[in-house]
Amino acid sequence: MVVIEYDGIICRSRRCSSSTPSTSTSISTGAVANQTPPLPPLQQQESPNPSTKFPTENHNIIQETLDELDWVMEQLENLHITKSISDMTTSKFKKMLNKELSQFSESSKSGNQISNYLLSTYIDKQLPELNILINNMELKPLLDTSGTNIVEQPYGIPLEDLNVDSMNSLLEVNNNWNLNIFNLSSLCSFKPLTCLGYHIFKSRNFFKTFNIPHATLVNYLVNLESNYHNSIPYHNNLHATDVLNSTNILLNLESFNEVFSQLEILATLFGAMIHDVDHPGVTNQFLINSDSNLALLYNDESVLENHHLSIGFKLLQSPGCDILASLTRLQRQTLRKLVIDIVLATDMSKHMILLSNLKTMVETKTITNGILCFDDYQERIQVLQTLVHCADLSNPTKDLDLYKQWVEMVMKEFYLQGDRELSLGLEVSPMCDRNNSSIEKTQVGFIDYIVHPLFETWNELVQHPLTCEILDILEINREHFSNLITPSPPSTTIQFKLTLDEDDEPISPPPKDSTP
């Protein structure tokens, strides 16, 4: 990877900028007209004469030049390997448009109105920095909290249906990467997402931080979990619970201590909870190929992910379910943007983009006292997107007994999709043909080409014992499925050997000249 050294450029540019206002007085009119001779070395430049005066026109040109130089230096200082030329061009166009519209808005009242319309319509809305929002987190007081913080039925489930002691002992094991979701489900009346979600919010003190009434969270979680369909073999409430648990654990890694704000953490966990809600048990490509209403609604772009987001946020509007009621408008908008960016990145077609961005981040990461440092929103959201993506693909990193259960569930869902494709006359998707697929080879390939590169790069970023352990588990699970692959039969070639009996005459070759 080629890394360009910008420090020297920025340093010299700053020196030029600081000296230019004073030296600008010595620039002649001819120099402004693109006839400026090369500047001498900085150390040889003579001190300017501050008393020299020049026409206002020249002064304006000089000032505009300085403004442009300031913009260039700002871009250099903010430039990362991942920043594309198109991003810089967009930034330049925005700067030019803002300048033009600022002048236009001052011309008249209607000009100001038109300027505001153009800026609000044709330029992406930029939210303030997240750390500014969090440092000034002033939550709205709840109108009436009497009785709302008392939940007579923990987790929204009748006590007689709960094995409370066993469930609590299971959940109290902090950072349990191999939490048995199947056991948890049986202990909490098959509402594992509600139980784990409540437990995480309680352990992270979100009830106090975000003024969330306990009953409101329970209402939302029960409503959310009911929209994960048990008829779907894999993308159901069990998978959502597993992803939520894995996301919570990855957020707890020491490398992220005090890196992310409470609002960012809430958004990430919320995104993990809703990331597959109302999943129909088929892929995006199936929905597109079958001309489904969802594909038509979302124009074939991340169809399922857009649908999950829509359902997850709509459920907040149900009576007694708005867990974000105490956020200010700006905080709510910020959280919504975070959640949208995170859930859209769970579209598996975005895997290679996430992985390449992660590799670039590993090469350019900054660590202070063992803590990762991220400069801007783009870097922070990329880490959170990849974190949830890792949790979403974490089945092969769990203990073998758990992994085998997940494999059985996902293959069942694939085969059901293949059956539907056959009935609709569509081409059967890869791994969805129950009569022509190898589960063992599929899992080995999945680990080799998708999961292992992802977690290996993630480990390079966070450098944590847990991720090292995860890589070891991956190798064990890969070896298990590799050993189950039936070896291909050896290629059978029939060799003919011509032998002559002692009494046989050798066969003469044909004559060279075969012309009739």
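Here is what the cut-offs are and how they apply
Residues numbered from 1 in each chain as written. Predicted model: local features only at pLDDT ≥ 70, side-chain atom pairs only at ≥ 80, totals over all residues. Heavy atoms only, no water. Disulfide = S-S within 2.5 Å. Buried < 20%, exposed > 50% of the residue type's maximum accessible area, 1.4 Å probe, protein only. Salt bridge = Lys/Arg side-chain N within 4 Å of Asp/Glu carboxyl O. Helix = DSSP H or I, 4+ residues; strand = E, 2+ residues; numbered from the N terminus. 1 Å grid on protein atoms, 1.4 Å probe; cavity = no way out; pocket = protein on both sides within 12 Å on 5 of 7 lines; lining within 4 Å. Points joined across faces, edges and corners; volume = space filled by probe spheres on them. Nonpolar A, V, L, I, M, F, W, Y, C, P; charged D, E, K, R; others polar. Contact = heavy atoms within 4.5 Å. Patch = residues over 30% accessible without salt bridge, like charges linked within 9 Å, V, L, I, M, F, W, Y side chains within 5 Å. Areas by Shrake-Rupley, 256 points an atom, 1.4 Å probe, with all protein chains shown as cover. Lys, Arg positive; Asp, Glu negative; His and termini not counted. Charge placed at Lys NZ, Arg CZ, Asp CG, Glu CD.

Asker: Can you tell me about the state of the cysteines, naming the residues and giving the values?
Answerer: Per the stated rule, a full pass over the model turns up zero disulfides. In this structure C188 is a free cysteine whose sulfur lies 3.3 Å from that of C195, the closest cysteine sulfur available. A residue is classified by how much of its surface remains accessible, and C188, at 0% relative accessible area, is buried.

Asker: Report on the pattern of salt bridges, specifying residues and quantitative values.
Answerer: Summed over the entire model, instances satisfying the criterion amount to seven salt bridges. Here D322 ties to R332 by a salt bridge, and the two come within 3.1 Å at their closest N and O atoms. Here R332 lies in helix α17 (residues 329–344) and D322 lies in the loop between α16 (303–314) and α17, a separation of 10 residues in the sequence. We classify D322 as partly exposed; its relative accessible area is 24%. A relative accessible area of 30% means that R332 is categorised as partly exposed.

Asker: Describe in detail the layout of surface pockets, supporting the description with residues and values.
Answerer: Each pocket or cavity is described by its volume, and for the second largest pocket that value is around 1100 Å³. Lining the second largest pocket are 46 residues, with H235, T283, M348, F414 and M431 sitting closest to its centre. Listed by contribution, the elements that provide at least two residues to the lining of the second largest pocket are α14 (284–289), α16, α19 (377–392), α20 (400–423) and α21 (439–462). Class assignment of the residues belonging to the lining of the second largest pocket gives a composition of 19 nonpolar, 20 polar and seven charged.

Asker: Talk me through the environment of F260; I want residue IDs and the actual numbers.
Answerer: In this structure, F260 sits in the loop between α12 (237–251) and α13 (262–274). Linking F260 and R380, residues 120 residues apart in sequence, is a C-alpha distance of 8.0 Å. Among residues more than four places away in sequence, those in contact with F260 are I265, F374, R380, V383 and L384.

Asker: I'd like a rundown of the side chain of Q443, residues and numbers included.
Answerer: As for its position among the elements, Q443 is in helix α21. For Q443, a relative accessible area of 5% gives the class buried. Apart from the residues lying within four places of it in its own chain, the contact partners of Q443 are Y403, V407 and F481.

Asker: Give me a negative patch on the surface: which residues, what numbers.
Answerer: A cluster of acidic residues, D399, D401, E469, D472, E475 and E479, forms a negative patch on the protein surface. At four residues, the largest contribution of residues to the negative patch is made by helix α22 (residues 465–484). On the secondary structure map, D399 appears in the loop between α19 and α20.

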